[in-house]
Amino acid sequence: MTQYNPKNIEETLKRMEKADELKGIHRSGTNIMSFFDDNDKEHELQKQQSAAEVKKDEYLKSVELLKKIIQERGTKSDLTRILAVGLLIESTDFLNIPPDRKKMLKDNMIWCNSQYEKYKK
């Protein structure tokens with residue numbers, strides 16, 4: 001059985017304590033680590049922007065499909081409204097969407113779903 005040198009154990013414990021102290025230092029307080037914090041924030045923002053763009057594209061594709069159906073079988077007032085919904089989607093910043101615009105968009109997408117059900121038969 002191997003005997004451990006008590007001096008090595010003490011040194012190891014001191015290194016572990018030092019490592020715990022270093023973990024407590026906030027990364028952005030040091031110059032080199034603030035670069036990584038900024039990089040992480042920028043990456044997160046890019047992911048959010050990409051997700052917002054994907055959502056916007058999905059909504060626009062749905063509206064475009066419904067527009068084609070309404071052009072074939074729908075009324076002029078329904079076509080006017082679907083065009084307005086498309087403009088609403090195009091002009092909306094999905095990353096920083098205000099609550100009133102979000103509600104308006106939701107109500108219009110519910111209307112779009114009901115129109116799709118109505119015309120797909």
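The structure this text deals with has already been given above.
Now for a quick tour of the structure. (Residues numbered from 1 in each chain as written. Predicted model: local features only at pLDDT ≥ 70, side-chain atom pairs only at ≥ 80, totals over all residues. Heavy atoms only, no water.)

1. A word on the pattern of salt bridges
Right, so step 1: Summed over all chains, the structure comprises five salt bridges.
Right, so step 2: As a salt-bridge pair, Glu64 and Lys67 come within 3.8 Å of each other at their nearest N and O atoms. Here the residue Glu64 and the residue Lys67 both occupy positions in helix α2 (residues 31-73), the gap between them amounting to three residues, near one helical turn.
Right, so step 3: Linking Glu117 and Lys120 is a salt bridge whose minimum nitrogen-to-oxygen distance equals 3.8 Å.
Right, so step 4: Among the residues examined, Glu117 registers a relative accessible area of 41% and is labelled partly exposed. (Salt bridge = Lys/Arg side-chain N within 4 Å of Asp/Glu carboxyl O. Helix = DSSP H or I, 4+ residues; strand = E, 2+ residues; numbered from the N terminus. Buried < 20%, exposed > 50% of the residue type's maximum accessible area, 1.4 Å probe, protein only.)

2. Brief notes about the packing of helix α3 (residues 76-90) against helix α4 (residues 99-119)
Right, so step 1: Close contact between α3 and α4 brings their axes to 11 Å; oriented N to C, the two are set at 140°. In terms of their interaxial angle, α3 and α4 are classed as oblique. Judged by the sense of rotation from one axis to the other, the crossing of α3 with α4 is left-handed. Along its contact with α3, which presents Asp78, Arg81, Ile82, Val85, Leu88 and Ile89, the element α4 presents Arg101, Met104, Leu105, Asn108, Met109, Trp111, Cys112, Gln115, Lys118 and Tyr119. (Axes fitted to C-alpha atoms, helices over the stretch in contact; angles between N-to-C directions. Parallel < 35°, antiparallel > 145°, perpendicular 65-115°, else oblique. Left-handed = near helix turned anticlockwise from the far one by under 90°. Contact = heavy atoms within 4.5 Å.)

3. Some thoughts on the environment of Met104
Right, so step 1: In this structure, Met104 sits in helix α4.
Right, so step 2: For Met104, a relative accessible area of 40% corresponds to the partly exposed category.
Right, so step 3: With 19 residues separating them along the chain, Met104 and Val85 place their C-alpha atoms 9.6 Å apart.

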